[in-house]
Amino acid sequence: MATACQIDATRALSCRNSEAASRLKFISIFVIFFTSVLGISSPVLLARFFQGKPFYDKAILVIKCFAAGVILSTALVHVLPDAYAALGDCQVAPKHPWKDFPFAGLVTLIGALLSLLVDVTASAHMEGHGGSHGGASEYSLVETREGLAGKKVGELQNAELGLQRSEKDEDLIKLKQRLVSQVLEIGIIFHSVIIGVTMGMSQNQCTIRPLVAALAFHQIFEGMGLGGCIAQAGFGFGTVAYMCFLFSVTTPMGIVLGMIIFSLTGYDDSNPNALIMEGLLGSLSSGVLIYMGLVDLIAVDFFHNKLMSSAPSLKKISYVALTIGSAFMSILALWA
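Residues numbered from 1 in each chain as written. Predicted model: local features only at pLDDT ≥ 70, side-chain atom pairs only at ≥ 80, totals over all residues. Heavy atoms only, no water.

- Turning to the chain, the UniProt record has this under Sequence similarities (unreviewed entry): "Belongs to the ZIP transporter (TC 2.A.5) family."
- Entered under Subcellular location (unreviewed entry) in the UniProt record, the comment concerning the chain runs "Membrane". (UniProt positions renumbered as here; feature names shortened; annotations may be inferred.)

### As for the overall build of the chain
Here is step 1 of the chain: Secondary structure assignment for the chain yields 10 helices and 0 strands.
Here is step 2 of the chain: Reading the chain from its N terminus to its C terminus gives the helix and strand order α-α-α-α-α-α-α-α-α-α.
Here is step 3 of the chain: Expressed as a percentage of the 336 residues in the chain, the buried residues total 43%.
Here is step 4 of the chain: In the chain, 86% of the contacts between residues at least 6 apart in sequence involve partners at least 24 apart. (Helix = DSSP H or I, 4+ residues; strand = E, 2+ residues; numbered from the N terminus. Buried < 20%, exposed > 50% of the residue type's maximum accessible area, 1.4 Å probe, protein only. Contact = heavy atoms within 4.5 Å.)

### Describing the environment of Ser326
Here is step 1 of the chain: Tracing the backbone through its elements, the reader meets Ser326 in helix α10 (residues 312-331).
Here is step 2 of the chain: Look past the residues within four positions of Ser326 in its chain and what remains in contact with it is Gly69, Val70 and Ser73.
Here is step 3 of the chain: A polar side-chain atom of Ser326 sits 2.9 Å from the main-chain carbonyl oxygen of Leu322. (Polar contact = N/O pair within 3.5 Å; in protein donor to acceptor, adjacent residues only side chain to side chain.)

### Quick word on the pattern of salt bridges
Here is step 1 of the chain: The full count for this structure, using the stated rule, is 2 salt bridges.
Here is step 2 of the chain: Here Arg23 makes a salt bridge to Glu19, at a shortest N to O gap of 3.4 Å. Separated by 4 residues within a single helix, Arg23 and Glu19 lie in helix α2 (residues 18-50), roughly one turn from each other.
Here is step 3 of the chain: Note that Lys64 and Asp301 form a salt bridge whose closest N and O atoms lie 3.5 Å from each other. With Lys64 in helix α3 (residues 56-87) and Asp301 in helix α8 (residues 272-304), this residue pair connects regions lying 237 residues apart in the sequence. The pair formed by Lys64 and Asp301 is uniform in burial state, with each residue classed as buried. (Salt bridge = Lys/Arg side-chain N within 4 Å of Asp/Glu carboxyl O.)

### So, the confidence of the model for the chain
Here is step 1 of the chain: Summing up the model confidence of the chain, the mean pLDDT is 78 and the portion of residues at 70 or higher is 79%.
Here is step 2 of the chain: Looking over the chain, one finds the lowest element-wise mean pLDDT in helix α1 (residues 2-15), namely 55, and the highest in α10, namely 90.
Here is step 3 of the chain: Across residues 131-145, confidence stays below pLDDT 50; counting only partners more than four residues off in sequence or on other chains, it has 9 contacts. (pLDDT = per-residue confidence, 0-100.)

### Thoughts on the side chain of Ser283
Here is step 1 of the chain: Topologically, Ser283 is positioned in helix α8.
Here is step 2 of the chain: Taking relative accessible area as the criterion, Ser283 reaches 0% and is therefore assigned buried.
Here is step 3 of the chain: Non-local contacts of Ser283, meaning those with residues more than four positions away in its chain, are made with Ala83, Ala104, Val107 and Thr108.

### With respect to the environment of Ala112
Here is step 1 of the chain: You can see Ala112 is positioned in helix α4 (residues 103-147).
Here is step 2 of the chain: The spatial distance from the C-alpha of Ala112 to the C-alpha of Met292 is 8.4 Å, given a sequence separation of 180 residues.
Here is step 3 of the chain: Discounting chain neighbours no more than four positions away, the residues touching Ala112 are Gly287, Val288 and Tyr291.

### Some details on the UniProt feature "transmembrane region" (unreviewed entry) in the chain
Here is step 1 of the chain: Using the residue numbers shown here, the UniProt feature "transmembrane region" (unreviewed entry) corresponds to residues 26-47, 59-81, 101-122, 183-202, 208-228, 240-264, 284-304 and 316-335.
Here is step 2 of the chain: Helix makes up 91% of residues 101-122 and strand 0%, whereas the separation of the span's terminal C-alpha atoms amounts to 33 Å.
Here is step 3 of the chain: A distance of 36 Å separates the end C-alpha atoms of residues 240-264, which is 100% helix and 0% strand.

### Considering the state of the cysteines
Any covalent bond linking the sulfur atoms of two cysteines counts as a disulfide.
Here is step 1 of the chain: For the structure shown, the criterion picks out 0 disulfides.
Here is step 2 of the chain: Residue Cys229 stays outside any disulfide, its sulfur separated by 9.8 Å from that of Cys65, the closest cysteine. (Disulfide = S-S within 2.5 Å.)

### Notes on unusual backbone geometry
Here is step 1 of the chain: Residues His96 and Pro97 are joined by a peptide bond in cis, for which omega reads 5°.
Here is step 2 of the chain: Relative to the helices and strands, Pro97 resides in the loop between α3 and α4.

### Overview of a nonpolar patch on the surface
Here is step 1 of the chain: A contiguous nonpolar patch, built from Phe101, Leu106, Leu109, Ile110, Leu113, Leu114, Leu116, Leu117 and Val120 and spanning about 790 Å² of accessible area, is present on the exposed surface.
Here is step 2 of the chain: Inspection of the secondary structure assignment puts Leu106 in helix α4. (Patch = residues over 30% accessible without salt bridge, like charges linked within 9 Å, V, L, I, M, F, W, Y side chains within 5 Å. Areas by Shrake-Rupley, 256 points an atom, 1.4 Å probe, with all protein chains shown as cover.)

### Examining the side chain of Thr251
Here is step 1 of the chain: Within the element layout of this structure, Thr251 appears in helix α7 (residues 237-265).
Here is step 2 of the chain: At 3.5 Å, the side chain of Thr251 forms a polar contact with the side chain of Gln219.
Here is step 3 of the chain: Aside from chain neighbours lying at most four places away, what touches Thr251 is Ile32, Ser192, Ile195, Gly196 and Gln219.

In C-alpha cells:
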C-alpha cells in the first residue's frame, strides 16, 4: 500500500505544472459551457418545434428512454466508482472509520432512500391536492343534476365525472414529471459540482488534458438526458430557461470555485479531506441518480405508459434507445 502511494505521488509530481494546468482549465470552462448548452437545449428546442406533430409523443418517449440510459450509466459507471475510489484512496482507506465500513455504499443507499421519501411525500401531497378538487367537482355536479330537468342526469354525471377524473390524472402525471425533472437536476448538479471543483483544484496537467474532451461529450449526453425530461414535463419558458442555464453553468462555476479554493488555501484535490468530501457527495449523488433512473424513468415508461403499452414496436425502439444511451455514456468512462 505504501509503495503504491509513493509511485502515485511520483507520477503526480512529474505532471504537476500550475501554469499549464491553469491554461487547460480556462479552455475547459468555455468548452464545457458550450457543450452543456448544446446538450440540454437540443431536446428542449426540438420538443418546442415539433410539439403538436403526429410523432411528437413517440419521439419524446424515445428521447426520454435514451436519457434514462445516460443517467443510469452516469450513476453506476462514472459517479459511484469515483466515490469508491476517493474513499478507497491510500490516504483515506487506512484511517478510522473509513477502513471499518463501506461508507460509499451506505451513502448511496441513503441517497436512494431520501429520493424515495421525496417522491412519496410529493406524490401524497399532489394526490391530496387533487382529491380536494375532485370533491368540489362532484358537489357541483350534484347541484347541476338537481337543476336540470328532462335530461338523462345520471349519464351526464357519469360522463362529466369520467372527464374530471381523466383531467385530474393528467394533471397528476404532469406534476410528477415536473418533480422528476427537478429532483433529477439536483442530483446531476451535485455530480457536476464535484467534477468542476475537483478539476479546478487539480494542478495535474496529465489528468486535466484528457478530461477536457471527455467532459465535453459527457455534458452533451447528460444534458440530452436532462433536457429530454424537462421537455416532457411541460414547464413554462422561464422555468425551462432557468433549468437549462443552471445545468450549463454548474460545472464551469465548479471549476472556477476549485481554482479559487486552491489559490486561497493551496488545498488541492489530493488532500484526504477533499477526497472524503468527494466520495461522500459522489455517493449521495449516485443514490439519487440510480433511484431516478430506475424508478421514475425506466419503470414508469416501460410499465405504466399507455402509449408504449399499445405499441410493441415502440417498446422495442425505446429499449434500444435505453441501451444506446447507456453504452455511449459507459464508453466515456475510458477517458472521464
